Amino acid sequence: MTKKTLFLTIKKESFDKIKSGEKTEEERQCKPFYISRLLKLNEFVKYDSIVFINGRRKDSPQIEIEHIKTDIYVYEDCQEDTAKDEDCYFMISLGKVIS
């Protein structure tokens, strides 16, 4: 079976916190790009790992982290029954550093 990996770019501050284990969750807005990667047929896609890339160059630093789960939340000031995509966010729970 092949390993299922999600690739995401991330800023240096968050990259360093994830690498050190200080940050164990990553938040992403419910934009079409992330919806297409994190949801399929109204179910969360389960990845084996997430590769965070600090930058867009070929030689940008990367770190591979175990993917635990993904949840979706609505911002506190929004009504859940009338929420739009921009009113919610994905919370990606991260596990141990793989490489």
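Criteria and cut-off values
- Residues numbered from 1 in each chain as written.
- Predicted model: local features only at pLDDT ≥ 70, side-chain atom pairs only at ≥ 80, totals over all residues.
- Heavy atoms only, no water.
- Helix = DSSP H or I, 4+ residues; strand = E, 2+ residues; numbered from the N terminus.
- Buried < 20%, exposed > 50% of the residue type's maximum accessible area, 1.4 Å probe, protein only.
- Contact = heavy atoms within 4.5 Å.
- Areas by Shrake-Rupley, 256 points an atom, 1.4 Å probe, with all protein chains shown as cover.
- Pairing = 2+ DSSP bridges.
- Axes fitted to C-alpha atoms, helices over the stretch in contact; angles between N-to-C directions.
- Salt bridge = Lys/Arg side-chain N within 4 Å of Asp/Glu carboxyl O.
- Phe/Tyr/Trp six-rings, centres within 6.5 Å; stacked < 30°, edge-to-face > 60°.
- Lys NZ or Arg CZ within 6 Å of the ring centre and 35° of its normal.
- Core = buried A, V, L, I, M, F, W, Y, C linked by side-chain atoms within 4.5 Å.

Asker: An account of the overall build of the protein chain is requested, with residue identities and associated values reported.
Answerer: Summing up its helical and strand segments, the protein chain has two helices and seven strands in all. Ordered by position from the N terminus, the helices and strands of the protein chain form the series β-α-β-α-β-β-β-β-β. Expressed as a percentage of the 99 residues in the protein chain, the buried residues total 34%. Contacts in the protein chain between residues at least 24 apart in sequence constitute 64% of all its contacts with a sequence separation of at least 6. Accessible surface, the protein chain: about 7000 Å² in total, of which carbon and sulfur atoms supply 49%.

Asker: Before we move on, can you summarise the sheet that holds strand S1 (residues 5-9) with the specific residues and values?
Answerer: What the five strands build is an open sheet, ordered S1-S5-S6-S7-S2; its pairing is mixed. Edge strands, defined here as strands with exactly one partner in the open sheet, are S1 and strand S2 (25-29). Going across the sheet, the axis of each strand differs from the next one's by a mean of 40°, ignoring polarity. Contacting S2, strand S5 (49-53), strand S6 (62-74) and strand S7 (88-97), helix H1 (residues 12-20) runs over the sheet at an angle of about 105° to S6.

Asker: Provide a residue-level description of the environment of valine 51, including the pertinent values.
Answerer: Along the chain, valine 51 falls in strand S5. Using a relative accessible area of 7% as the deciding quantity, one classes valine 51 as buried. Considering only alpha carbons, one finds valine 51 and serine 99, 48 residues apart in sequence, at a separation of 9.2 Å. Valine 51 has contacts with Thr5, Leu6, Phe7, Leu8, Gln62, Ile63 and Glu64, leaving out every residue within four places of it along the chain.

Asker: Lay out the pattern of salt bridges in plain terms, naming residues and giving numbers.
Answerer: If you walk through the whole model with that rule in mind, you get seven salt bridges. Salt-bridge contacts for glutamate 26 lead to lysine 23; the nearest nitrogen and oxygen are separated by 2.8 Å. Overlapping salt bridges, with partners in common, bring together Lys23, Glu26 and Arg28 in one network.

Asker: Give me unusual backbone geometry: which residues, what numbers.
Answerer: In the Ramachandran plot, leucine 41 falls in the positive-phi region, its phi being about 50° despite a non-glycine side chain. Despite not being glycine, asparagine 42 has its phi angle at roughly 60°, a positive value. Mapped onto the secondary structure, asparagine 42 falls in the loop between strand S3 (39-40) and strand S4 (43-44).

Asker: Describe the packing of aromatic side chains, and please don't skip the residues or the numbers.
Answerer: Counted by the stated rule, this structure contains two aromatic pairs. With centroids separated by 5.0 Å and ring planes inclined at 90°, the aromatic side chains of phenylalanine 33 and tyrosine 34 adopt a geometry described as edge-to-face. Tyrosine 34 gets classed as buried once you look at its relative accessible area, which sits at 17%. Above the plane of the ring of tyrosine 47 lies lysine 4, whose end atom (NZ or CZ) is 5.7 Å from the centre.

Asker: Lay out the nonpolar core in plain terms, naming residues and giving numbers.
Answerer: Leu8, Leu38, Ile50, Phe52 and Leu94 are the most contacted members of the largest nonpolar core, which has 18 residues in total. If you list the elements that add at least two residues to this core, you get S1, H1, helix H2 (32-38), S5, S6 and S7. With four residues, the single largest contributor to this core is S7.

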